[in-house]
Structure formats: structure tokens, C-alpha cells
Amino acid sequence: MNERIQRPPAEVRYADELARLRDGDTGERPPGWAMGMEAARRFIIGDPRAGITRKFVGDPALIDRALVTLATGRGLMLVGEPGTAKSMLSELLAAAVSGDSTCTIQGGAATTEDQIRYSWNYALLVADGPSRRSLVPAPLLQGMAEGRIVRFEEITRCPLEVQDCMLSPLSDRVLAVPELAGEDAQVFARDGFNVIATANTRDRGVNEMSAALKRRFNFETVFPIPDLATELDLVTTESRALLARSGVTAPQRADVLEVLVSVFRELRAGVTVRGDAMERLSGVMSTAEAVSVAHAVGLRGWFLRGEPGVAEDIVACLAGTAAKDNAEDLAKLRRYLEGQTSWRSGAQWRALREARHQLPG
Ligand SMILES: Nc1ncnc2c1ncn2[C@@H]1O[C@H](COP(=O)(O)OP(=O)(O)OP(=O)(O)O)[C@@H](O)[C@H]1O
Ligand SMILES: [Mg+2]
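Residues numbered from 1 in each chain as written. Chains lettered and ligands numbered in written order. Predicted model: local features only at pLDDT ≥ 70, side-chain atom pairs only at ≥ 80, totals over all residues. Heavy atoms only, no water.

1. Some remarks on the pattern of salt bridges
Close approach of charged atoms lets side chains of opposite charge pair.
Here comes step 1: Here the structure, examined in full by the defined rule, presents 28 salt bridges.
Here comes step 2: With a closest N to O distance of 2.7 Å, Asp-64 and Arg-41 form a salt bridge. Residue Asp-64 is located in helix H4 (residues 60-70), and its partner Arg-41 is located in helix H3 (residues 37-45); the two are separated by 23 residues in the primary sequence.
Here comes step 3: A residue is classified by how much of its surface remains accessible, and Asp-64, at 30% relative accessible area, is partly exposed.
Here comes step 4: Residue Arg-41 is classed as partly exposed on the basis of its relative accessible area, which comes to 26%.
Here comes step 5: Across the pair Glu-231 and Arg-268 runs a salt bridge, and its minimum N-O distance is 2.6 Å. Taken together, the residues span a long stretch of sequence, with Glu-231 in helix H12 (residues 228-245) and Arg-268 in helix H13 (residues 254-269) at a distance of 37 residues. Of the two residues, Glu-231 and Arg-268, neither departs from the other in class, the shared state being buried.
Here comes step 6: If you follow the salt bridges from partner to partner, you end up with Arg-300, Arg-305, Glu-307 and Asp-313 in one network. (Salt bridge = Lys/Arg side-chain N within 4 Å of Asp/Glu carboxyl O. Helix = DSSP H or I, 4+ residues; strand = E, 2+ residues; numbered from the N terminus. Buried < 20%, exposed > 50% of the residue type's maximum accessible area, 1.4 Å probe, protein only.)

Here it is as C-alpha cells:
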């Protein structure tokens, strides 16, 4: 794939790491897997000695459990707050286990069974009738037939009756195609097939999922990053990479990023670093959101003034994040900038406070 693709899939971005891990991996592999579990784990949590970057920051035990689940007859359900890297993790797991993360269903209110299982090429259907040739596989059929991981993003956003079409593929490992006759009427899953679903706790909840479907998954919760230093480190590296892709050559300022990540953590948790209780925002103040604000801050500084982003840019970019869910959040943000910035030392905190008037409204 060429340079102009904005975000190539994980197996393309990390093709070199995946190839090295596969080549160096002589251990046992679960049937149908592109590499063993230990290599897959290193791909995700990193291995500096082997030149494998750390991609997911979090509990390695979660990765182990996820990998083990994928080798069993149950699907893996990743649940958690928005922006905690559930989708990223599902992509990395699929890239490691199947060498491909693109067998993906994007769940939504309008998702239909056709988009999950299969549909028909109507021209061929009219000409030939139902046949293998006129069948158009959707991700589920493709993943089953080829023995690959199928990703089902935001599964709980789909209507319940549509979610239910996952039942027999997950339990019996077979997909019926009643329109076809003979052995074509059933597609049996090959080794290596499994499902990774994601669901976030803010949207329509997993509680509404049918009990029958829940039983076919092992649930893993992905939590936000617990400590400031780790989150700061991640936001710095991720936004640096995004800025480089956007053509920004000014290095980011560490003091600005520290203020940015602290603001996100405090507004997310509803408590300041020194322990004062404060108002939480109802909107999402996730790490993913912090990365995108850090990117925007760098873009503003560079393309508007030819310098690194500063605290003022944080205020300008935060407005768009904070006002997403409701107008009350903007007022809370204003009170935070008013009341929780004056007691801190550091020029960027002072600048943040001074820029508070730039919030709209
Ligand atoms: N623990 C983490 N490790 C690595 N990156 C993280 C982590 N938490 C958040 N991120 C950042 O968040 C981005 C991924 O967000 P992603 O879209 O996967 O989240 P999500 O949980 O699927 O969110 P949503 O519920 O909104 O779909 C990553 O690209 C990375 O920048
Ligand atoms: Mg997601």
C-alpha cells in the first residue's frame, strides 16, 4: 500500500515486526494461527530487545487471557469506556493471530444480517440462480471459510435480532446458506476462526445483549491507563507520530503535554492531583481523545504560528472535546480553568488560566 493511505491496517503498518516474529517463532501454535501465543503477546506489549514496539499499554495478563480465549471455542468480548483502545487491541490481536485484521463488521443501528453473513450479486443471481458464484461473502462467512479472526466492532449497537445471527457460528461453528443445495448449504469454520467483539459502556449497554449470545463470549474489561507518567508517555509518542505524518517538524513541548494530560485525567476522574474533589465532565475524556487534542494542539501551533503548540492552544482545542455531550460540560470546564489552575506552579498552567476567556460562549 502506498504512503497516501491515512491509516493502513496493523498488518501493513507492522508488516516487518510481524514477519520477524513469525520467522523467529518455533514454538507450538494453536491450529490455524499465524504465530504462537508468546509471539503474539510480544507483538502487542512489545519486546525492546527484539525491536518490537509496545503498542498496547496495560496489563499483560489481559493480553494472555484474550489470546487464550481466542484459541478456545468462545468469542472474545472487549468492553470498557470509550477510547480505552478496545478497537486497537482487537485489530492487533487479529493481525497477530490471523495475519490480517480486515475481516471486520462495523456494528450500528442499521447493520443487517447481509452485511454480517453474506449477500448476493444480483446480476449473477438472476442469470445463474443461487450458486457459489453469485454468493458474496461478508466478513463472517469469509472468516469462517478461511479460518481467520472476524472483528465485530460495537456489537451492542446492532439490533438484537441481528446480533443473534452470531449464535450458531459461535457455538456450532457452522453457517447455514439455505439458498444453496448440497454441501454448499453449510459453511463450516476452519481452524483459526474466532470472533473478537467490542462494546463500549457508554452506548447501549452489554446488558441488553441476549443471554444466549453473552454465554458464547468471554468478557474482558479494558480499563483506562492508571498512572499519569504512562499516559503522558503514550500521548507523547502517539501524537508525535501523528504530527510527523501531518508534516509538523517542530518538536512538542513536554511541559505543554504534561498540562494537557493532567487536565484530561482530572476532568475524567473528578479529582485533582492534590486530592481536591471537583466536577467531572460527562463527556468522554479518554486517552484516545487526549491524543487527538495533542495532535490538534501541535497543528495549531505549527500551521498558525510556525512554533510548537502551547497552553492557549489546549484551551482552544478542548472546547470541541468538552462541548460534545452537553453545554453544561463547557461551563464545568470554565469553572475548572477558573478554580483549579491558580494554585499550581509552572508557566503553562498560568497560561492555561489566562487563556480561559477564549472558551466560546
Ligand atoms: N492502553 C492504551 N494503550 C495504547 N493506546 C491507547 C491506550 N488507551 C488509549 N489509547 C489510544 O487510544 C487510541 C485507540 O482508541 P480506540 O479507538 O481503539 O478506542 P476504543 O476503546 O475502541 O474506543 P470506542 O469505544 O470509542 O470505540 C489508540 O490509538 C491510542 O492512541
Ligand atoms: Mg472502538
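2. Points about the site of ligand 1
Here comes step 1: Lining the immediate environment of ligand 1, one finds 18 residues, of which Val-57, Gly-83, Lys-86, Ser-87 and Met-88 sit closest.
Here comes step 2: With respect to ligand 1, the backbone of Gly-83 contributes an N or O atom lying 2.8 Å from an oxygen atom.
Here comes step 3: A distance of 3.0 Å is found between an oxygen atom of ligand 1 and a side-chain nitrogen or oxygen belonging to Glu-238.
Here comes step 4: Burial of ligand 1 by the protein amounts to 82% of the accessible area it has alone, namely 650 Å².
Here comes step 5: Elements supplying a minimum of two residues to the shell around ligand 1: helix H5 (86-98), H12 and helix H14 (287-305).
Here comes step 6: Among the residues making up the shell around ligand 1, the classes are represented as nine nonpolar, five polar and four charged. (Near = heavy atom within 4 Å. Polar contact = N/O pair within 3.5 Å; in protein donor to acceptor, adjacent residues only side chain to side chain. Areas by Shrake-Rupley, 256 points an atom, 1.4 Å probe, with all protein chains shown as cover. Nonpolar A, V, L, I, M, F, W, Y, C, P; charged D, E, K, R; others polar.)

3. So, the packing of aromatic side chains
Here comes step 1: Overall, the coordinates contain two aromatic pairs when judged by the stated rule.
Here comes step 2: Aromatic pair Tyr-14 and Phe-43: ring centres 5.8 Å apart, planes at 80°, arrangement edge-to-face. Of this pair, Tyr-14 sits in the loop between helix H1 (10-13) and helix H2 (15-24) while Phe-43 sits in helix H3; the two residues are 29 residues apart in sequence, bridging distant segments of the chain.
Here comes step 3: Against the face of Phe-43 rests Lys-55, its NZ or CZ located 4.3 Å from the ring centre.
Here comes step 4: The residue whose ring lies beneath Arg-274 is Trp-343, and the NZ or CZ to ring-centre distance is 3.9 Å. (Phe/Tyr/Trp six-rings, centres within 6.5 Å; stacked < 30°, edge-to-face > 60°. Lys NZ or Arg CZ within 6 Å of the ring centre and 35° of its normal.)

Purely spatial values, then, with no claim about function.
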